[in-house]
Amino acid sequence: MQKTQNNRAWFMVLPVFLLVAFSAVLPLMTVVNYAFNDTFGENVFFWVGTDWFQDVLTDDRMWAALKRQLIFSAIILAIEVPLGIAIALCMPKRGIWASLCLVLLALPLLIPWNVVGTIWQLFARIDIGLLGYTLDQLGISYNLGQNATAAWITLIVMDVWHWTSLVILLSYAGLQAIPQAYYQAGRIDQASRWAVFRYIELPKLKGVLLIAVLLRFMDSFMIYTEPFVVTGGGPGSATTFLSIDLVKMALGQFDLGPAAAFSIMYFLVILLVSWAFYTIMVNLDREDVPK
Amino acid sequence: MTAVATALPRRRPARSLSAGTAVSRVALVLYILFLLVPIYWLVNMSFKTNVEILSTMTLWPARPTLQNYVNIFSDSTWYMGYVNSLIYVLMNTVISVTVALPAAYAFSRYSFVGDKHLFFWLLTNRMAPPAVFALPFFQLYSSIGLFDTHIAVALAHCLFNVPLAVWILEGFMRGVPKEIDETAYVDGYSWFRFFTRIFMPLIASGIGVAAFFCFMFSWVDLLLSRTLTSVNVKTIGVAMTRTSSATGLDYGTLAAAGVLTIVPGAVVIWFVRNYIAKGFALGRV
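Residues numbered from 1 in each chain as written. Chains lettered and ligands numbered in written order. Predicted model: local features only at pLDDT ≥ 70, side-chain atom pairs only at ≥ 80, totals over all residues.

Thoughts on the overall build of chain A
- The secondary structure content of chain A amounts to 12 helices and three strands.
- Taken along the three principal axes of its C-alpha coordinates, chain A extends 75 × 70 × 30 Å.
- Taking the contacts inside chain A whose residues are at least 6 apart along the sequence as the reference set, 68% of them involve residues at least 24 apart. (Helix = DSSP H or I, 4+ residues; strand = E, 2+ residues; numbered from the N terminus. Contact = placed C-beta atoms within 7 Å.)

Notes on the overall build of chain B
- Helix and strand counts for chain B come out as 15 helices and one strand.
- When the 285 residues of chain B are sorted by exposure, 46% land in the buried category.
- Pairs at least 24 apart in sequence give 80% of the contacts found in chain B among residues at least 6 apart. (Buried ≥ 20, exposed ≤ 12 C-beta atoms within 10 Å, placed from the backbone.)

Brief notes about the nonpolar core
Residues and elements named next belong to chain B.
- Residues Ala 100, Ala 103, Ala 165, Val 166, Leu 169 and Ala 210 are the most contacted members of the largest nonpolar core, which totals 155 residues.
- Ranked by the residues each element gives to this core, the list is headed by helix 8 (residues 150–174), at 17 residues.
- Not counting residues up to four positions away in its chain, the partners in contact with Ala 165 are Ser 96, Val 97, Ala 100, Ala 210 and Cys 214. (Core = buried A, V, L, I, M, F, W, Y, C linked by C-beta atoms within 7 Å.)

Considerations on the interface of chain B and chain A
- Counting from both sides, the interface comprises 90 residues of chain B and, opposite them, 89 residues of chain A.
- Considering every element that reaches the side of chain B that touches chain A, the biggest residue donor is helix 2 (residues 17–46) of chain B, with 13 residues.
- Grouping the amino acids of the side of chain B that touches chain A by side-chain chemistry returns 69 nonpolar, 10 polar and 11 charged.
- The sheet contact formed by strand 1 (residues 4–5) of chain A and strand 1 (residues 110–111) of chain B spans two bridges and is parallel. Within the sheet, the bridge partner assigned to Thr 4 of chain A lies in strand 1 of chain B and is Tyr 110 of chain B. (Nonpolar A, V, L, I, M, F, W, Y, C, P; charged D, E, K, R; others polar. Pairing = 2+ DSSP bridges.)

Some points on the packing of helix 11 (residues 204–220) of chain B against helix 14 (residues 251–272) of chain B
Residue and element names in this part refer to chain B.
- At a closest axis distance of 11 Å, the pairing of helix 11 and helix 14 adopts a crossing angle of 165°. Classed by the angle they form, the pair helix 11 and helix 14 counts as roughly antiparallel. Two packed elements cross with a definite hand, and for helix 11 against helix 14 that hand is left-handed. Judged by residue contacts, Gly 208, Val 209, Phe 212, Phe 215, Met 216 and Trp 219 of helix 11 engage Pro 264, Gly 265, Val 268 and Val 272 from helix 14.
- The class makeup of the residues in the contact of helix 11 with helix 14 is eight nonpolar, two polar and no charged. (Axes fitted to C-alpha atoms, helices over the stretch in contact; angles between N-to-C directions. Parallel < 35°, antiparallel > 145°, perpendicular 65-115°, else oblique. Left-handed = near helix turned anticlockwise from the far one by under 90°.)

Remarks on the domain arrangement of chain A
All names here are of chain A.
- Under the domain assignment used here, chain A contains domain 1 (27–58 + 257–283) and domain 2 (66–254).
- Distance from the C-alpha centre of domain 1 to the C-alpha centre of domain 2: 29 Å.
- Across the contact, 11 residues belong to domain 1 and 10 residues belong to domain 2.
- A breakdown of the residues in the side of domain 1 that touches domain 2 according to their chemical character gives nine nonpolar, two polar and no charged. (Domains from an automatic or database assignment.)

Looking at the domain arrangement of chain B
Residue and element names in this part refer to chain B.
- Domains assigned within chain B are domain 1 (18–65) and domain 2 (73–280).
- One C-alpha centre belongs to domain 1, the other to domain 2, and the line joining them spans 31 Å.
- At four residues, the largest contribution of residues to the side of domain 1 that touches domain 2 is made by helix 2.
- The residue inventory of the side of domain 1 that touches domain 2, partitioned by class, reads four nonpolar, three polar and one charged.

Overview of the confidence of the model for chain B
All names here are of chain B.
- For chain B, mean pLDDT is 81; residues scoring 70 or higher make up 87% of the total.
- Residue range residues 1–16 is modelled with pLDDT below 50. Its contacts to residues more than four positions away, or to other chains, number 25 contacts.
- Interface scoring of the predicted complex returns ipTM 0.82; its pTM is 0.82. (pLDDT = per-residue confidence, 0-100.)

A few points about the packing of helix 1 (residues 10–36) of chain A against helix 5 (residues 76–109) of chain B
- Interaxial distance between helix 1 of chain A and helix 5 of chain B falls to 7 Å at its minimum, and their mutual angle equals 125°. Between helix 1 of chain A and helix 5 of chain B, the interaxial angle falls into the category oblique. In this structure, helix 1 of chain A crosses over helix 5 of chain B, and the sense of that crossing is left-handed. Taken together, the residues of helix 5 of chain B that come into contact with helix 1 of chain A (itself represented by Met 12, Val 13, Pro 15, Val 16 and Leu 19 of chain A) are Val 99, Ala 100, Pro 102, Ala 103, Tyr 105 and Ala 106 of chain B.
- Partitioned by chemical class, the residues of the contact of helix 1 of chain A with helix 5 of chain B number 11 nonpolar, no polar and no charged.

Regarding the environment of Ser 46 of chain B
All names here are of chain B.
- Mapped onto the elements, Ser 46 comes out in helix 2.
- For Ser 46, a count of 24 C-beta atoms within 10 Å gives the class buried.
- Residues Ser 46 and Thr 253 lie 207 residues apart in sequence; the distance between their C-alpha atoms is 6.6 Å.

Notes on the confidence of the model for chain A
- Per-residue confidence for chain A gives a mean pLDDT of 82, with 92% of residues at or over 70.
- Mean pLDDT in chain A bottoms out at strand 3 (residues 45–47) of chain A, which sits at 68, and peaks at helix 3 (residues 60–90) of chain A, which reaches 90.

So, unusual backbone geometry
- Here Gln 190 of chain A, not a glycine, exhibits a phi torsion of approximately 55°, which is positive.
- Mapped onto the secondary structure, Gln 190 of chain A falls in the loop between helix 8 (180–188) and helix 9 (193–221).
- Accessibility expressed as a C-beta count within 10 Å gives 13 for Gln 190 of chain A, which makes it partly exposed.
- At Asp 148 of chain B, a residue that is not glycine, the phi angle is positive and equals roughly 70°.
- With respect to the helices, strands and loops of the structure, Asp 148 of chain B is situated in the loop between helix 7 (130–143) and helix 8.
- Since 16 C-beta atoms lie within 10 Å of it, Asp 148 of chain B is described here as partly exposed.

Concerning the environment of Trp 120 of chain A
- Assignment of secondary structure puts Trp 120 of chain A in helix 5 (residues 113–124).
- Counting along the chain gives 110 residues from Trp 120 of chain A to Val 230 of chain A, while the straight-line C-alpha distance between them is 6.8 Å.
- Discounting chain neighbours no more than four positions away, the residues touching Trp 120 of chain A are Thr 154, Met 158 and Val 230 of chain A together with Pro 38 of chain B.

Written out as structure tokens, the structure reads:
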């Protein structure tokens, strides 16, 4: 759509700008303040420059958490995106069953995150949880608190359970938007099911899949509540992801300086990756505009 | 159109449709079962006594009891947790959608100085880890005397809900042809009357979807709401952690509380079910 140049449009954006600035800029400045200063309490600060950043950057603990976080996000994306597309292709196109499926699929998305953690924590317990009990009866040694592999698998299954629906709903919406004429053209050409998917459906899903990948990347990279409730970052520090490490540092040990420096770098990593995604998305949008 | 048609390689004809459909239906049913089993287990536990939960594994409550739910509805800490959470969620939804409407209109219709940067800056707030903001928010709202009020949580949640609402609404508004705006102005409508009388009804489903998302993300976040409240506004998250640790291991009540947190979301979903798929695509399909 051709947009009109009009700087008075700023007035319409102003409320949003002020509201978000109030919630974002002021707290961010506090974080920056902590990141470059040290304090002995009573609001007396003195400048320490980039000391905290050097501390954090040379801290093995942070690098280990970052590595775990990257592996976790990569696994999550590798499972949830293909699974989401596959399930979306299985969904009925219309009717009461389609509505019912949508409601059931959206259900996990609406459960508060600490309740999701609680559900899976209870579900995985070997004494009272269905999953843990069943695995235990099958003779599989499964103990969240002691076995790092078990903890990882549980967290990944939990995240798949919790968030694949988002990818499904996005892909489903994308599929619904493909005009029937495309499928008819495929039928005339006697295209195989795979060819229809590869040459008609997948290219049309490009836009929604980018949103799905972006949202899933951001949210899995920021994950805090669910692993905190289920494993508490354990056993040892096997599932201590970035957020958990950060909160431990800031609220547990009250190392505000390093925690703030950590926050800023954490935020920058997310920003960088998201900026890359966003640029790709905007460029795709531009290509889609009919010339 | 023809380009798409000719790009298709001519290969074997499609498999018999019915077999393919059957396989996909089975896969779908299996996946939905996977989604429902943990929820079933929670509901199952919520109707059991603690003795039964801890002593035997039963797929069905041997002696179903409503005691866990009675505990919740007779204890004001519990039920006020739900009321408090609903209050700030609704406040946040109203604030977010109200401010996002004109902004999304501006982004979808006009280009202005710094529009792209502003849009990306808004999105970056959706990307900020709440854990980063927990402590600064606590200090900010304490210093302006809003700590432990509903509005503090509602405002804090605006951080990620307003950008999301702008993003969703902008997608829906883009789909409305610009000629409609121009015709209305020619017909002598003021901007405000045009926006409320003509434009908003046109994107009603988009507004519903945006409101649903604000509701959802405000409802599921318990990290910020726990940080920003203490005595007057006890949220359900606080009630759940406090009660389950204070009385030892009261699994039954914990499970019942969990079931009750699913209910408001399920009710809201039912109302937007026809738009929900499109809404998840942020109007961009």
